[in-house]
Amino acid sequence: MYVPASSWFIAISLVIALILNFLPLQGQLLISRPDFVALAIAYWNVNHPYKLGMSVAFGMGLMMDVGSAGIMGQHALAYSVIFYLTLISGRRLRLFSLLEQAPQIGFFLLLMQIVIVLIALSSGSTLPGWKYFLATVTGTLLWAPTSFLITLLLKPKQDPNAL
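The paragraphs below set out a description of the structure included in this document.

### Regarding unusual backbone geometry
Right, so step 1: For Tyr-50, which is not a glycine, the phi torsion comes out positive at approximately 70°.
Right, so step 2: Relative accessible area serves as the criterion here: at 70%, Tyr-50 is assigned to the exposed category.
Right, so step 3: Here Ala-69, not a glycine, exhibits a phi torsion of approximately 55°, which is positive.
Right, so step 4: Along the chain, the position of Ala-69 falls in the loop between helix H4 (54-68) and helix H5 (74-93).

So, in structure tokens, the structure goes:
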């Protein structure tokens, strides 16, 4: 049993995810860093549907676009896609354990990255190598620990005066 998430808790988790996305990493760490904002949006949509709106996902995407100096709306569309996919499949995903949810979330993350690549290709960019999709693998591997940690933070605290 867990306490329903407050709006402040959700907002703080999204800000932390945004900060993790903007950490200045180099080399292999940069390539394999998962999209923490996408993971956070997916978590809240699967476990607490209707706490976020599509506008929040779109706004987080615009912040990512501004912060990464990318094509405006690229991440916004990608986060809207992952929001929609997790919203329509959230009831089914909640039936599975965290380890069983991970491949499905990984597929959604892959679709999100494909949307980003297609938008970049339409603006004249070159096709990225296969290493670009390592972020999907690390995001899939981080789904279970991240979900477990957030769920652990939402559990009610034991009352020492309770029977």
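### Details of the packing of aromatic side chains
Right, so step 1: In the structure shown here, the tally under the stated rule is 5 aromatic pairs.
Right, so step 2: Judged by centre distance (4.9 Å) and plane angle (80°), the ring pair of Tyr-43 and Trp-44 falls under edge-to-face.
Right, so step 3: Exposure remark for Trp-44: the relative accessible area of 1% places this residue in the buried category.
Right, so step 4: Seen in terms of ring centroids, Tyr-132 and Phe-133 are 5.3 Å apart; in terms of plane orientation they differ by 85°. Their pairing is edge-to-face.
Right, so step 5: Residue Tyr-132 is classed as partly exposed on the basis of its relative accessible area, which comes to 28%.

### Some words on helix H6 (residues 98-122)
Right, so step 1: Taking 1.5 Å of rise per residue, 25 residues should cover 36 Å, and H6 covers 36 Å from first to last C-alpha, within 8% of that figure.
Right, so step 2: Where H6 terminates, the next one or two residues include Gly-124, which has phi positive at roughly 100°.

What counts, and at which threshold
Residues numbered from 1 in each chain as written. Predicted model: local features only at pLDDT ≥ 70, side-chain atom pairs only at ≥ 80, totals over all residues. Heavy atoms only, no water. Buried < 20%, exposed > 50% of the residue type's maximum accessible area, 1.4 Å probe, protein only. Helix = DSSP H or I, 4+ residues; strand = E, 2+ residues; numbered from the N terminus. Phe/Tyr/Trp six-rings, centres within 6.5 Å; stacked < 30°, edge-to-face > 60°. Expected span 1.5 Å × (residues − 1).

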